[in-house]
Amino acid sequence: MNIFSLKGKRALVTGGGTGIGLGISKAFIEAGAEVVITGRREEVLQDAFKELGENARYSVFDITNKKEIPAFIRDLETQFGAIDILVNNAGIHLKKFSNETTDEEFESIIQTNLLSVFSLTRECAKYMAQRKSGVILFIGSMAGIFGIDRVSAYGTSKAALTGLMQNLVTEYSKDLIRVNTIAPGWIESPMFLNAINADLARKEKITNRIAMPSYGKPADIGHAAVFLSSEAARYITGVVLPVDGGASVNF
Ligand code: NDP
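Note that the structure is predicted; figures quoted are calculated from it, not measured. (Residues numbered from 1 in each chain as written. Predicted model: local features only at pLDDT ≥ 70, side-chain atom pairs only at ≥ 80, totals over all residues.)

### Describing the overall build of the chain
- Assigned secondary structure in the chain consists of 8 helices and 7 strands.
- Over its C-alpha atoms the chain spans a radius of gyration of 17 Å, differing by no more than 12% from the 18 Å that the globule rule assigns to 251 residues.
- Overall size of the chain, expressed as C-alpha extent along the three principal axes, is 50 × 40 × 40 Å.
- Taking all 251 residues of the chain together, 43% fall into the buried category.
- Taking all contacts inside the chain whose residues are at least 6 apart in sequence as the whole, residues at least 24 apart take part in 72%. (Helix = DSSP H or I, 4+ residues; strand = E, 2+ residues; numbered from the N terminus. Rg over C-alpha atoms; globule rule 2.2 N^0.38 Å. Buried ≥ 20, exposed ≤ 12 C-beta atoms within 10 Å, placed from the backbone. Contact = placed C-beta atoms within 7 Å.)

### Brief notes about the environment of R40
- Along the chain, R40 falls in the loop between strand 2 (34–39) and helix 2 (42–52).
- With 15 C-beta atoms counted inside 10 Å, the residue R40 sits in the partly exposed group.
- Here the alpha-carbon distance between R40 and I63, two residues 23 residues apart in the chain, equals 8.4 Å.
- Residues contacting R40, with those up to four places away along its chain left out, are V60 and D62.

### Notes on the sheet that holds strand 7 (residues 240–243)
- As summarised here, the arrangement of the 7 strands in space is 3-2-1-4-5-6-7, forming an open sheet in which the pairing is parallel. With partners counted over all chains shown, the strands left at the sheet margins are strand 3 (56–60) and strand 7, one partner each. For this sheet, the mean angle separating the axes of adjacent strands, direction not counted, is 20 degrees.
- The strands touched by helix 5 (residues 152–172) are strand 5 (134–139), strand 6 (177–184) and strand 7; relative to strand 6, the strand with the most contacts, the crossing angle is about 165 degrees. (Pairing = 2+ DSSP bridges. Axes fitted to C-alpha atoms, helices over the stretch in contact; angles between N-to-C directions.)

### Considering the site of the ligand
- Near the ligand you find 30 residues, and of these G15, G19, R40, G91 and S189 are the closest.
- Mapped by element, the contributors of at least two residues to the shell around the ligand are helix 1 (19–30), strand 2 and helix 6 (190–197).
- Taken together, the residues of the shell around the ligand sort by class into 12 nonpolar, 15 polar and 3 charged. (Near = placed C-beta within 6 Å. Nonpolar A, V, L, I, M, F, W, Y, C, P; charged D, E, K, R; others polar.)

### A short note on the packing of helix 4 (residues 103–131) against helix 5
- With their axes 9 Å apart at the nearest point, helix 4 and helix 5 run at an angle of 20 degrees to one another. The angle between the axes of helix 4 and helix 5 places the two elements in the roughly parallel class. The element helix 4 and its partner helix 5 pack so that their crossing is right-handed. Only A153, Y154, S157, K158, A160, L161, L164, L168 and Y172 of helix 5 make contact with helix 4, whose side of the interface consists of E105, F106, I109, I110, N113, L114, V117, F118, T121 and A125.
- The residue inventory of the contact of helix 4 with helix 5, partitioned by class, reads 14 nonpolar, 3 polar and 2 charged. (Parallel < 35°, antiparallel > 145°, perpendicular 65-115°, else oblique. Left-handed = near helix turned anticlockwise from the far one by under 90°.)

### Side note on the pairing of strand 3
- Alignment of strand 2 against strand 3, held across 5 bridges, turns out to be parallel. Pairing of V35 across the sheet is with A56, part of strand 3.
- Regarding topology, helix 2 serves as the crossover connection from strand 2 to the parallel strand 3, and that connection is right-handed. (Right-handed = clockwise from strand over helix to strand, strands pointing away.)

### A few points about unusual backbone geometry
- Backbone geometry places K132, a non-glycine residue, at a positive phi of 55 degrees.
- If you trace the backbone, K132 turns up in the loop between helix 4 and strand 5.
- Its identity as a non-glycine residue notwithstanding, L176 has a phi of 60 degrees, on the positive side.
- Take L176: it is sitting in the loop between helix 5 and strand 6.
- Judged by local crowding, L176 falls into the partly exposed class, with 15 C-beta atoms found within 10 Å.

### So, helix 1
- If you check helix 1, its first and last C-alpha atoms are 17 Å apart, about what 12 residues at 1.5 Å a residue would give, namely 16 Å.
- Buried residues of helix 1: G19, I20, G21, L22, G23, I24, S25, K26, A27, F28 and I29, and no others.
- After helix 1 finishes, the residue G32 shows a positive phi value of roughly 105 degrees. (Expected span 1.5 Å × (residues − 1).)

### Examining the nonpolar core
- Formed by 65 residues in total, the largest nonpolar core has its most connected members in F28, V35, V87, L137 and A225.
- Top element by residues in this core is helix 4. It accounts for 7 residues.
- Apart from the residues lying within four places of it in its own chain, the contact partners of V87 are A11, L12, V13, T14, I24, L137 and A225. (Core = buried A, V, L, I, M, F, W, Y, C linked by C-beta atoms within 7 Å.)

Structure (structure tokens):
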């Protein structure tokens, strides 16, 4: 038996049509899993679906639509099958000084990056608890570990995920549901590359911060996600795993 394999497992990857989520979905399928990807844009999901092949499905769903989350998860469980792994990857970013950030903008970041993650996790965990098995991954950020200028709302949402994870571990472990967080460093998703190439001063600052000589790739997060979801990580829960080329220790 290959303890790193995900053969026979089913995963839901939010935001799985682009960037890091697509990297995670590809790595899961390579490891033998079936994957459902979600996002708001059908055309993006269709393109990703073509890339991922027959072990993927897609479902258009806005994770901020909180009233619909219980039915969304119930329908997936009944039509697709048991969700063994939930990857809360979908997220939005806001780059503004805190004194320029409106209450509405702050709330919107918290809604998508934290409250929707809570609702999706709660609904999936209900089914996982019945099966006494499950894996939940949060996608955090360096901005949830240390201060970075102009991301106060985003950094707050990502830091709060760590608190949520720690508390869920105390409740979920008895049902053999593991909850872990991957904290990506600077990863070459289309969103990141567009932002960084438009701000050369920031690009230089970030490049100097990373100990290794390059940005990360979505596949780097995907491979960490496969490990944390596999039997090889059966006794790992409640950790924040930086995948950042040494950025978080390179002061
Ligand atoms: P992308 O913008 O490519 O990915 C975000 C994904 O989330 C998109 O597929 C988007 O799809 C989806 N999404 C956003 N809002 C919603 C919503 N309301 N409902 C459903 N889906 C939604 O960026 P990345 O791949 O870079 O980011 C993925 C995750 O990684 C995020 O949580 C981000 O915070 C985190 N991260 C990224 C880093 C990086 O360097 N790239 C560094 C650290 C963390 P759609 O717009 O179609 O809904």
